[in-house]
Amino acid sequence: MAVLVTGGAGYIGSHTIVELLNIGKDVVVIDNLCNSSIEALKRVEKIAGTSIQFYQGDILDSVILHKIFSENSIDAVVHFAGLKAVGESVAEPLKYYQNNVAGTLVLCEVMNKFKVKNLVFSSSATVYGEPASLPMLESFPMAPESPYGQSKLMVENVLADLANSDPEWNIARLRYFNPVGAHESGLIGEDPNDIPNNLMPFIAQVAVGKREQLSVFGDDYETPDGTGVRDYIHVVDLARGHLKALEKLATGSGLVTYNLGTGVGVSVLEMVKAFEQACGMPIQYQVAKRRSGDIAAYWGDPSLAKKDLGWQATHTLDDMVSSSWKWQSMNPDGYYS
């Protein structure tokens, strides 16, 4: 039996496939490559020493999904496929609802037809919106502040209704924070197509000389150094969390929801300083105005995942920055350096 990974050529998907292959799982991948690279999958095969069954296509296309389920013995799906840029979602909301929500509906319909009812969904901590208190718990009210976050919450609600309608469905909704870092080999990592939306790849591109300087958006928040604080999690820890969720589904879990994070906040300037230590050079930055909608501090409580899944993040901040620097310095222009 195989695991289908949607969006498997992407950043988190590729690292999760490595972990699945490491435990002997057969993996099938679908990805439309709109924000990812086939080179990532080639490198995954090199790391794992085994091949991957790959289909280039879109989860909105039920024909290719029928083909995949017909040609492979699939017993579970890990669902990463979707668009993820908050700013872009504000400018193009319909695009996000079509890809993220409608795409998931098509996927679930085909899964249901083939009686494959184990699903791990890649959600996001953005479903919470601005928290009333910290750390955030899974039971907190949800009020996402962007179409991207709304699309994730819509899918979560669809999956809850699906699980309630049919007890044969086992669904894990994983809400995570800021994935960073790269595989220890330096062969796979985060490779944004354009200007990075996230802090770590931007810092790495400054360090490698691809960007002139980092903009720090606001240094007057009520945080220890005035800059925004976030919960960063190493992508390999995150990948292993998906494997633990698959194990949970195999027990007939029904619907379960977990935060995946470290439970510790790191500020922008703390991340900059840690990266400077890793790369041995100063990171040029300038302080800019706060961005509209940015929140001062944001981190979650991952204790439920530890209790139920036996999972916890083990990589340190040093691991995060050193692996990011190894990836970026080995691949200054990403997968096509």
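Rules used in this analysis
Residues numbered from 1 in each chain as written. Predicted model: local features only at pLDDT ≥ 70, side-chain atom pairs only at ≥ 80, totals over all residues. Heavy atoms only, no water. Helix = DSSP H or I, 4+ residues; strand = E, 2+ residues; numbered from the N terminus. Buried < 20%, exposed > 50% of the residue type's maximum accessible area, 1.4 Å probe, protein only. Contact = heavy atoms within 4.5 Å. Areas by Shrake-Rupley, 256 points an atom, 1.4 Å probe, with all protein chains shown as cover. Lys, Arg positive; Asp, Glu negative; His and termini not counted. Charge placed at Lys NZ, Arg CZ, Asp CG, Glu CD. Polar contact = N/O pair within 3.5 Å; in protein donor to acceptor, adjacent residues only side chain to side chain. Pairing = 2+ DSSP bridges. Salt bridge = Lys/Arg side-chain N within 4 Å of Asp/Glu carboxyl O. 1 Å grid on protein atoms, 1.4 Å probe; cavity = no way out; pocket = protein on both sides within 12 Å on 5 of 7 lines; lining within 4 Å. Points joined across faces, edges and corners; volume = space filled by probe spheres on them. Nonpolar A, V, L, I, M, F, W, Y, C, P; charged D, E, K, R; others polar. UniProt positions renumbered as here; feature names shortened; annotations may be inferred. Phe/Tyr/Trp six-rings, centres within 6.5 Å; stacked < 30°, edge-to-face > 60°. Lys NZ or Arg CZ within 6 Å of the ring centre and 35° of its normal.

**A few points about the overall build of the protein chain**
Thought 1: Helix and strand counts for the protein chain come out as 11 helices and 14 strands.
Thought 2: Along the first, second and third principal axes, the C-alpha set of the protein chain runs to 55 × 45 × 40 Å.
Thought 3: Out of the 337 residues in the protein chain, the part that is buried amounts to 55%.
Thought 4: Nonlocal contacts in the protein chain, meaning residues at least 24 apart in sequence, comprise 79% of its contacts between residues at least 6 apart.
Thought 5: Here the protein chain displays about 14,600 Å² of accessible surface, and carbon together with sulfur accounts for 49% of that area.
Thought 6: In the protein chain, which carries 26 positive and 39 negative side-chain charges, the distance between the mean positions of the two groups comes to 3 Å.

**Observations regarding helix H2 (residues 38–48)**
Thought 1: Of the positions making up H2, those classed as buried are Glu39, Ala40, Leu41, Arg43 and Val44.
Thought 2: In this fold, the buried residues of H2 make contact with helix H1 (11–22), strand E2 (26–31), strand E3 (53–56) and helix H11 (317–330).
Thought 3: Capping the start of H2, Ser37 holds a side-chain oxygen 3.0 Å from the backbone nitrogen of Glu39, two or three residues further along.
Thought 4: In the segment just after H2, Gly49 is the residue with positive phi, at about 70°.

**Considering the pairing of strand E8 (residues 214–217)**
Thought 1: A one-sided burial pattern is seen for E8, the buried positions being Leu214 and Val216 and the unburied ones Ser215 and Phe217.
Thought 2: Sheet topology places E8 next to strand E13 (residues 285–288); 4 bridges connect them, and they run parallel. In the strand pairing of E13, Val216 is matched with Val287.

**Remarks on the pattern of salt bridges**
Thought 1: Under the criterion given, the structure shown has 12 salt bridges.
Thought 2: Between Asp308 and Lys307 there is a salt bridge, and its shortest N-O distance comes to 3.5 Å.
Thought 3: By relative accessible area, Asp308 is classed as partly exposed at 30%.

**Focus: empty space enclosed by the protein**
Thought 1: Evaluated as defined, the whole model comprises 3 cavities of 30 Å³ or more.
Thought 2: By volume, the largest cavity is sized at about 60 Å³.
Thought 3: Contributing to the lining of the largest cavity are Tyr11, Val180, Gly181, Glu190, Met200, Pro201, Ala204, Ser324, Trp327 and Gln328.
Thought 4: Elements with a minimum of two residues in the lining of the largest cavity: helix H7 (199–207) and H11.
Thought 5: Here the residues of the lining of the largest cavity are counted per class, giving 6 nonpolar, 3 polar and 1 charged.
Thought 6: Taken as a whole, the second largest cavity spans an internal volume of roughly 40 Å³.
Thought 7: Together, His79, Phe80, Ala81, Gly82, Asn100, Thr104, Phe121, Ser151, Lys152 and Val155 line the second largest cavity.
Thought 8: Listing elements by their share of the lining of the second largest cavity, those giving two or more residues are helix H5 (93–113) and helix H6 (147–165).
Thought 9: Ranked by residue count, the leading element in the lining of the second largest cavity is H6, at 3 residues.
Thought 10: In terms of residue class, the lining of the second largest cavity is made up of 4 nonpolar, 5 polar and 1 charged.

**Comments concerning the sheet that holds strand E9 (residues 229–230)**
Thought 1: Taken together, the 3 strands give an open sheet; going across it, the order is E12-E9-E14, and neighbouring strands pair in mixed fashion. Of all strands in the sheet, those bounded by a partner on one side alone are strand E12 (266–267) and strand E14 (297–298).
Thought 2: As defined by bridge partners, E9 adjoins E14 across 2 bridges and the pair is classed as parallel. Each bridged residue has a counterpart across the sheet, and for Arg230 the counterpart in E14 is Tyr298.

**Looking at the UniProt feature "domain: NAD(P)-binding" (unreviewed entry) in the protein chain**
Thought 1: UniProt's entry tags residues 4–322 with the feature "domain: NAD(P)-binding" (unreviewed entry), counted in the numbering of this structure.
Thought 2: Overall, residues 4–322 shows 40% helix and 18% strand. The separation of its end C-alpha atoms is 31 Å.

**Things to note about the packing of aromatic side chains**
Thought 1: Applying the stated criterion across every chain, the model contains 4 aromatic pairs.
Thought 2: Arranged with centres 6.1 Å apart and planes meeting at 65°, the rings of Phe177 and Tyr298 form a pair that is edge-to-face. Placement of Phe177 in the loop between strand E6 (170–176) and strand E7 (178–180) and of Tyr298 in strand E14 is noted, with a sequence separation of 121 residues between them.
Thought 3: Relative to Trp325, the ring of Phe275 lies with its centre 6.0 Å away and its plane at 80°, an arrangement referred to as edge-to-face. Of this pair, Phe275 sits in helix H9 (residues 268–279) while Trp325 is found in helix H11, placing the two residues 50 residues apart along the sequence. As far as the burial class goes, Phe275 and Trp325 line up, both buried.
Thought 4: Its guanidinium or amino end placed over the ring of Phe202, Arg211 lies 6.0 Å from that ring's centre, counting from NZ or CZ.
Thought 5: Arg290 extends its terminal NZ or CZ atom over the ring of Tyr221, reaching a point 4.0 Å from the ring centre.

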